[in-house]
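Reading the structure
Given next are the chains, with one letter for each unit.
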Amino acid sequence: MLTILLIASSSCKRKRTETFENYVVVVSFDGFRWDYADLYEAPAFDALAAEGVRAERMIPSFPTKTFPNHYTLATGLYPDHHGIINNSFYAPELGGLYRMSDRKMVENPDAYFGEPIWVTAEQQGMRAASYYWVGSEAPIGGTHPSYWKSYDGSVPYMDRVDTVIEWLKLPVKKRPRLVLLYFDEPDHSGHEYGPVHPEMGVVVEYLDEVLAYLRAEIAELEYGDRVNLIVLSDHGMASISPDRYVYLYDHLKPKWVEHILGGNPVSLVDASEGSEDSITHALKDVQGVTAWLENEIPARLHYGSSDRFPDLLLVADSGWSIGAGRDASVYTGGAHGYDNAFSQMHTIFYAAGPDFKEGYVQPAFPNVDVYGIVARLLGLKPAPNDGDLSRVSGMFSTPD
Ligand code: AMP
Ligand code: ZN
Ligand code: ZN
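Within each chain, residues carry numbers counting from 1 in the order of the written sequence. Chains and ligands are labelled by the order in which they are written, letters from A for the one and numbers from 1 for the other. Under the rules for a predicted model, residues below a pLDDT of 70 receive no local features and side-chain atom pairs below 80 are neither given nor counted, while totals for whole chains, interfaces and linings still include all residues. As a rule here, side-chain values cover all heavy atoms of the structure and leave hydrogens and water aside.

Time to look at the coordination of the zinc ion (ligand 3). Each pair of donors in an ideal four-coordinate tetrahedral metal site encloses 109.5 degrees, whereas pairs in an ideal six-coordinate octahedral site enclose 90 or 180 degrees. In this structure, D187 (OD), D187 (OD), H191 (NE2) and H336 (NE2) serve as the protein donors to the zinc ion (ligand 3), at separations of 2.0 to 2.5 Å. Between the two metal centres, the zinc ion (ligand 3) and the zinc ion (ligand 2), the spacing is 4.4 Å. Residue H191 is located in helix α9 (residues 187-193), and its partner H336 is located in the loop between β17 (333-335) and β18 (349-352); the two are separated by 145 residues in the primary sequence. Accessible area is worked out with a 1.4 Å probe on protein chains only. A residue is then buried under 20% of its type maximum, exposed over 50%, and partly exposed in between. Here H191 falls in the partly exposed class, since its relative accessible area comes to 30%. Residue classification places H336 among the buried positions, given a relative accessible area of 3%. Water is not part of the atom set, so a site may look incomplete; the donors themselves are N, O and S atoms within 2.8 Å of the metal, or 3.2 Å for Na, K and Ca. Numbered from the N terminus, helices here are DSSP runs of H or I no shorter than four residues, and strands are runs of E no shorter than two.

Quick look at the structure:
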């Protein structure tokens, strides 16, 4: 009896140690719509789904833009709670505009609330690395990931993979257990050509090669079978057209508006004193745009409660564009930022590795759950967040 107990306890212990030593690599391909791998040739994505998990869709947070969603993926918080409420917004307490092109702001830790997963890891004694993840260029909570890079979109994708593999080949003490890796395609091409276009097939095929190369390099690692790989994105892409354009000043009097920030298809409006109702009233019956006062924003969007939110939210209807310029001809190709209920904004989540089931199809789930997934895989104590692991626990092959 004692022998059996000893064997049982030692195998339990070994199992726990193995789980503890697993690694996580999270890859984001910006703007990869939920159905691109079906629309285009993507054998490496298909293989990942067959060997692991594929979500029917992952639902981004509103607004379906890059910065809010990457930082939601990192923190498990809705944009209202993590502070990055759009790609550009006015931050009254910082006395300035946050814009993704403003390096000083992007690197300012006070712009970011909540606890990103790399801070959770580092503060619990685990090394993390980030190749361009939104927020990782700022010392949030006084902490950078052990390894990180300043954004430079011109670095070739395969070189990024090589650097990640170098990090994973470091001696155990220096090696990151969590690696985050970002690519700005297929978003860039999606804007240019729209989501359904032969050029998108070319881009997706190239990203598929990048994924295949990353997987092959991970498989070569001495501990490759202990790496959990997650491949996801921040939002989808919708076709736009000059025929579906609302020139805002066809309806609004310039004196009603102090500032419009953000652009198409989501704009944050600072109204002149007392003009809020004039704006909502003027846009009430206009096809292609919806205007909401802070307290009218539907609860499902989890939006408008931030101190950084001005007076009004304008959102173009699905596939429409809005703007403050007369020229409609620029609204071609693709856009995102719309209501996250719009299916074309939905995105991907794939995962494979020792802690994931094989060939499992995960029902659609919101991207606030990703932080908890990564924390669970690494055995980290998660910071408070908006996710709910019970929605996604069916994807794991290993018990808690
Ligand atoms: P958007 O499509 O407007 O939501 O933004 C996507 C763009 O964000 C991409 O084309 C990237 O070039 C850019 N981007 C992503 N991460 C960063 C970063 N850390 N710093 C600056 N720009 C970034
Ligand atoms: Zn994006
Ligand atoms: Zn984009």
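Let's pick the thread back up.
For ligand 1, the set of nearby residues contains 13 residues, the closest of which are T66, N87, E137, Y151 and D187. In protein, a polar contact requires one atom able to donate a hydrogen and another able to accept it; more generally it is a pair of N or O atoms within 3.5 Å, and residues adjacent in sequence count only if both atoms are side-chain atoms. Here R103 contributes a side-chain N or O atom positioned 3.2 Å from a nitrogen atom of ligand 1. Between ligand 1 and E137 there is a distance of 2.8 Å, counted from a nitrogen atom to a side-chain nitrogen or oxygen. The fraction of the free accessible surface of ligand 1 (510 Å²) that becomes covered by protein chains is 85%. Contributions of two or more residues to the shell around ligand 1 are made by α4 (66-75) and α9. When the residues that make up the shell around ligand 1 are grouped by side-chain class, the tally is 4 nonpolar, 4 polar and 5 charged. Throughout, the term near means that a residue has one or more heavy atoms lying within 4 Å of the molecule or strand in question. Only the protein chains shown count as cover for residues, and all accessible areas are computed by the Shrake-Rupley method using a 1.4 Å probe. Residues are grouped as follows: Ala, Val, Leu, Ile, Met, Phe, Trp, Tyr, Cys and Pro are nonpolar; Asp, Glu, Lys and Arg are charged; all remaining types, including Gly, are polar.

Now for helix α3 (residues 43-51). Every α-helix winds through 3.6 residues per turn, so residues three or four apart in the chain are directed the same way. For α3, every residue scored as buried is listed here: A44, F45, L48 and A49. Around the axis of α3, the buried residues are gathered within 145° of arc, so they sit on the same side. Of the residues in α3, the exposed ones pointing more than 90 degrees away from the buried face are P43 and A50. Buried residues along α3 sit in contact with β1 (23-29), α2 (36-39), β2 (53-55), α10 (198-220), β9 (227-232) and β18. Working note: the arc is built from the helix axis to C-beta atom directions. What makes two residues a contact is simply this: any of their non-hydrogen atoms within 4.5 Å.

For the rest of this paragraph, the subject is empty space enclosed by the protein. A pocket here means an open set of points on a 1 Å grid, computed over the protein atoms alone, that has protein on both sides within 12 Å along at least five of seven lines. A cavity is instead a set of points where a 1.4 Å probe fits but cannot get out; residues with an atom within 4 Å of a point line either one. Grid points are joined across faces, edges and corners, and a volume is the space filled by probe spheres set on the points. Under the definition given, this model contains 1 cavity of 30 Å³ or more. Approximately 60 Å³ is the volume attributed to the largest cavity. What lines the largest cavity is simply V26, L73, A74, I117, W133, L180, V370, Y371 and V374. When residues of the lining of the largest cavity are traced back to their parent elements, those giving at least two are α4 and α12 (370-378).

Quick look at the domain arrangement of the protein now. Domain delimitation in this document rests on an assignment produced automatically or drawn from a domain database. Partitioning the protein into domains gives domain 1 (22-238 + 341-395) and domain 2 (242-331). In this structure, domain 1 and domain 2 have C-alpha centres spaced 29 Å apart. Domain 1 puts 22 residues into the contact, and the matching count from domain 2 is 20 residues. Simply put, the buried area is the total loss of 1.4 Å probe accessible area from both parts when two parts are fitted together. At the boundary of domain 1 with domain 2, total buried surface from both sides reaches about 1700 Å², with 61% on carbon and sulfur atoms. For the domain 1 face of the interface with domain 2, the top three residues by lost area are F62, D80 and I85, together amounting to 41%. When a carboxyl oxygen of Asp or Glu lies within 4 Å of a side-chain nitrogen of Lys or Arg, that pair is called a salt bridge. Joining domain 1 to domain 2, the criterion identifies 1 salt bridge. Across the pair E93 and R308 runs a salt bridge, and its minimum N-O distance is 2.6 Å. Our count for the domain 1 to domain 2 interface comes out at 9 residue pairs in polar contact (both at pLDDT 80 or more).

Turning our eyes to something else, we now look at the confidence of the model for the protein. On average, residues of the protein carry a pLDDT of 94, and 95% of them reach 70 or more. Scored from 0 to 100, pLDDT records how confident the predictor is in each individual residue. Of the regions scoring below 50 in pLDDT, residues 1-20 engages in 5 contacts with residues more than four places distant in sequence or in other chains.

For the zinc ion (ligand 2), the full set of protein donor atoms is D30 (OD), T66 (OG1), D234 (OD) and H235 (NE2), at a range of 1.9 to 2.1 Å. In this scheme the shape depends on donor count and angles: four donors with every angle between 85 and 135 degrees give tetrahedral, four or six donors with opposite pairs above 155 degrees and others between 65 and 115 give square planar or octahedral in turn, and any other case is irregular. The coordination sphere of the zinc ion (ligand 2) comprises 4 donor atoms, whose angles at the metal cover 97 to 127°; the geometry is tetrahedral. Each donor residue of the zinc ion (ligand 2) lies on the same chain, and together they follow the pattern D-x35-T-x167-D-H.

Ring pairs shown here join Phe, Tyr and Trp side chains whose ring centres sit within 6.5 Å, with only the six-membered ring taken for Trp; geometry is labelled stacked below 30 degrees between planes, edge-to-face above 60, and tilted in between. Applying the stated criterion across every chain yields a total of 26 aromatic pairs. Following the ring pairs from residue to residue traces out a cluster consisting of F29, F32, Y36, Y40, F45, Y157, F183, Y206 and Y350. Cation placement over rings: the criterion is NZ of Lys or CZ of Arg within 6 Å of the ring centroid and within 35° of the ring normal. Against the face of W34 rests R57, its NZ or CZ located 3.7 Å from the ring centre. Across the ring face of F396, the terminal group of R376 is positioned such that the distance to the ring centre comes to 3.8 Å.

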